[in-house]
Amino acid sequence: QVQLVESGGGLVQPGGSLRLSCKAAGTMFSIKNMGWYRQPLGKERQFVAAHTIGGSTYYAASVEGRFTISRDNVKNTLYLQMDSLKPEDTAVYYCNYLGTYDTGNFYPLGDYWGQGTQVTVSS
């Protein structure tokens, strides 16, 4: 009832676009804030974007203006539209329920990570 499944990743050239999806099971999705995170190879997982149930959105400075987060509560799905992709966007992307957050800091609620979806930006 708490599983999250990420999909939509792939190989794309710099400047290209991808749309990631995060499908949630259970009843938590519609009443929880959600976030996207990513983990580049050899690095720690980092915050990418967040979407609250009230409709507020937040982005890491590195992706703001290029990525757009949205959600569909009917489908229990979180989306991340990724445009103008750069090689440094290469990472495994994960979603999670959003825990505490304040200016510049967005923490996952808990260990609800799925398998993630690989995004590779390369020519």
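It should be noted that the structure appears before, not after, this text.
Below, the structure is looked at part by part. Everything numeric in this text was worked out from a predicted model, so none of it was measured.

Here's the deal with the pairing of strand 8 (residues 77-82)
Phase 1 of the analysis: Among the 6 residues that make up strand 8, 5 are buried, leaving the element largely enclosed by the rest of the structure.
Phase 2 of the analysis: Both strand 3 (residues 18-24) and strand 8 contribute to a ladder of 6 bridges, which runs antiparallel. Bridged to Arg19 within strand 8 is Gln81.
Phase 3 of the analysis: With 6 bridges connecting them, strand 7 (residues 67-72) and strand 8 associate as antiparallel partners. Of the residues in strand 8, the one forming a bridge with Thr68 is Gln81.
Phase 4 of the analysis: Between strand 7 and the antiparallel strand that follows it, strand 8, lie 4 residues; Asn76 among them carries a positive phi value of about 55 degrees.

Points about the state of the cysteines
Phase 1 of the analysis: For the structure on display, the rule yields 1 disulfide.
Phase 2 of the analysis: Two residues share a disulfide in this structure: Cys22 and Cys95, whose sulfurs sit 1.8 Å from each other. Taking the sign of the torsion about the S-S bond as the criterion, the disulfide between Cys22 and Cys95, at about 65 degrees, is right-handed. You can see Cys22 sitting in strand 3 and its partner Cys95 sitting in strand 9 (residues 91-102), a full 73 residues away along the chain. Both residues of the pair, Cys22 and Cys95, count as buried.

As for the environment of Gly114
Phase 1 of the analysis: The residue Gly114 is located in the loop between strand 10 (105-108) and strand 11 (117-121) in this model.
Phase 2 of the analysis: Among the residues examined, Gly114 registers a relative accessible area of 17% and is labelled buried.
Phase 3 of the analysis: Sequence separation between Gly114 and Gly26 is 88 residues, and the spatial gap between their C-alpha atoms is 14 Å.
Phase 4 of the analysis: Setting aside anything within four residues of it in sequence, one finds Gly114 in contact with Leu4, Glu6 and Tyr94.

Notes on the pattern of salt bridges
Phase 1 of the analysis: Counting across every chain of the model gives 2 salt bridges.
Phase 2 of the analysis: With a closest N to O distance of 2.9 Å, Asp89 and Arg38 form a salt bridge. Of this pair, Asp89 sits in the loop between strand 8 and strand 9 while Arg38 sits in strand 4 (residues 34-39); the two residues are 51 residues apart in sequence, bridging distant segments of the chain.
Phase 3 of the analysis: The exposure class assigned to Asp89 is buried, which follows from its relative accessible area of 0%.
Phase 4 of the analysis: A salt bridge links Arg66 to Asp89; the shortest N-O distance between them is 2.7 Å. With Arg66 in the loop between strand 6 (57-59) and strand 7 and Asp89 in the loop between strand 8 and strand 9, the pair connects residues that are 23 residues apart, well separated along the chain.
Phase 5 of the analysis: Looking at Arg66, the relative accessible area reads 11%, which means it is buried.
Phase 6 of the analysis: Bridged by salt links that share partners, the residues Arg38, Arg66 and Asp89 form one connected network.

Reading the values: the criteria
Residues numbered from 1 in each chain as written. Predicted model: local features only at pLDDT ≥ 70, side-chain atom pairs only at ≥ 80, totals over all residues. Heavy atoms only, no water. Buried < 20%, exposed > 50% of the residue type's maximum accessible area, 1.4 Å probe, protein only. Helix = DSSP H or I, 4+ residues; strand = E, 2+ residues; numbered from the N terminus. Pairing = 2+ DSSP bridges. Disulfide = S-S within 2.5 Å. Contact = heavy atoms within 4.5 Å. Salt bridge = Lys/Arg side-chain N within 4 Å of Asp/Glu carboxyl O.

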